Amino acid sequence: MENQASKERFTALLVHFFTATGAVFAMLAMLAAADEKWSLMFLWLVVAFAVDGIDGPLARHFDVKKNAPRFDGNLLDLIIDYLTYVFIPAFALFKSGLLPGWTGWFVIIIITFSSAMYFCDGNMKTKDNSFQGFPGCWNMVILVLFAIKPSFWLIIAIVAILALSMFLQIKFIHPVRTVRWRIISLPIALLWTGFGAWAAWVNFDPDSLAIYGLIFCSLYLILAGALQQVLPSVKDR
């Protein structure tokens, strides 16, 4: 019995260690960003994104709150998420040359400030394990911006709308935990990860099919929650 408990504690601790690797990938991404190696930076961010998608189910399966309570997995996850979802992508957008002059300062202030407030919002989750408001996934948004290179006015508009939506009653799905449409959402999230890595690997070649796949998957992941609010589920009818 004691051996089984020790095994469960050790396994739960390994899950925390796995989550913590996200901080290492964040540092590798930051080093690449400092050298303006954007493709390499996004590749590391995609790896961190994949870790973030896996560690949650592992943590619940091995009950880390019970078996390794010394370390707060939720806090660890939020720290790493802020680095990989917000801070590093915002830095990359600022240094990319896509935003001239004051526009770069405006955008990074909006992204970092609004995301800091959102990440400490105790009501960020809905009853169906979705997010209330845009969940600060700027890594996904900025990856697409690097791929399509829109005008700076469009970038400002996109950032402003998403930052505002963080604090509105608009639902955004969690592709793993939101049960409704998960049979579609989870494969699309996996496809997004693949397309994101592919787009970065080919240095955001505008003729690559990865760009179109990335845009399609991103639009679904951003809009699916709002569509669920508009379209009642079968059990609600």
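Residues numbered from 1 in each chain as written. Predicted model: local features only at pLDDT ≥ 70, side-chain atom pairs only at ≥ 80, totals over all residues. Heavy atoms only, no water.

Asker: Even after reading the chapter, I still don't get the overall build of the protein, so can you show me in this structure?
Answerer: Helix and strand content of the protein: 9 helices and 2 strands. Moving toward the C terminus, one meets the helices and strands of the protein in the order α-α-α-α-α-β-α-α-β-α-α. Here the C-alpha radius of gyration of the protein, 18 Å, is about what a compact globule of 237 residues would show, namely 18 Å. For the protein, the exposed area adds up to about 12900 Å²; of that, 70% sits on carbon and sulfur atoms. Distance from the positive charge centre (17 side chains) to the negative charge centre (15 side chains) of the protein: 7 Å. (Helix = DSSP H or I, 4+ residues; strand = E, 2+ residues; numbered from the N terminus. Rg over C-alpha atoms; globule rule 2.2 N^0.38 Å. Areas by Shrake-Rupley, 256 points an atom, 1.4 Å probe, with all protein chains shown as cover. Lys, Arg positive; Asp, Glu negative; His and termini not counted. Charge placed at Lys NZ, Arg CZ, Asp CG, Glu CD.)

Asker: How should I be thinking about the nonpolar core in this particular structure?
Answerer: Counting residues in hydrophobic clusters, the biggest one holds 58 residues, and the most contacted among them are M41, F42, L93, I111 and W138. When residues of this core are traced back to their parent elements, those giving at least two are α1 (2–34), α2 (38–61), α4 (73–95), α5 (102–119), α6 (138–148), α7 (152–165), α8 (182–201) and α9 (209–230). Per-element accounting of this core gives the leading share, 9 residues, to α6. Not counting residues within four places of it along the chain, the set of residues in contact with W138 comprises Y85, V86, P89, I111, S115, L143, V159, L162, A163 and M166. Counting residues in hydrophobic clusters, the runner-up holds 5 residues, among them A12, V15, A59 and A68. (Core = buried A, V, L, I, M, F, W, Y, C linked by side-chain atoms within 4.5 Å. Buried < 20%, exposed > 50% of the residue type's maximum accessible area, 1.4 Å probe, protein only. Contact = heavy atoms within 4.5 Å.)

Asker: Can you help me understand the packing of α2 against α8 in this one?
Answerer: Each pair of packed helices can be described by the angle between their axes along with the distance between the axes. It is at 8 Å that the axes of α2 and α8 come closest, and there the two elements cross at 165°. By the angle between their axes, α2 is roughly antiparallel relative to α8. Crossing hand, α2 versus α8: left-handed. Residue-level contacts link S39, F42, L43, V46 and F49 of α2 to W192, T193, G196, A197, A200 and W201 of α8. Its residues placed into classes, the contact of α2 with α8 shows 8 nonpolar, 3 polar and no charged. (Axes fitted to C-alpha atoms, helices over the stretch in contact; angles between N-to-C directions. Parallel < 35°, antiparallel > 145°, perpendicular 65-115°, else oblique. Left-handed = near helix turned anticlockwise from the far one by under 90°. Nonpolar A, V, L, I, M, F, W, Y, C, P; charged D, E, K, R; others polar.)

Asker: Could you clarify how one ought to interpret the packing of aromatic side chains in this entry?
Answerer: How two aromatic rings sit relative to each other is given by the distance of their centres and the angle of their planes. Inspection of the entire model under this criterion finds 15 aromatic pairs. Centre to centre, the rings of W102 and F106 are 6.1 Å apart; their planes meet at 70°, and the pair counts as edge-to-face. A residue pair is termed a helical-turn pair when its members lie 3 or 4 positions apart in one helix, as W102 and F106 do in helix α5 at 4 residues. For W102, a relative accessible area of 53% translates into the label exposed. Taking the relative accessible area as the measure of exposure, F106 reaches 35% and is therefore partly exposed. (Phe/Tyr/Trp six-rings, centres within 6.5 Å; stacked < 30°, edge-to-face > 60°.)

Asker: How should I be thinking about the confidence of the model for the protein in this particular structure?
Answerer: Note: predicted coordinates in regions of low pLDDT should not be interpreted at a detailed level. Mean pLDDT over the protein works out to 91, with 97% of the residues at or above the 70 mark. No element of the protein has a lower mean pLDDT than helix α3 (residues 64–67), at 86, and none a higher one than α7, at 96. (pLDDT = per-residue confidence, 0-100.)

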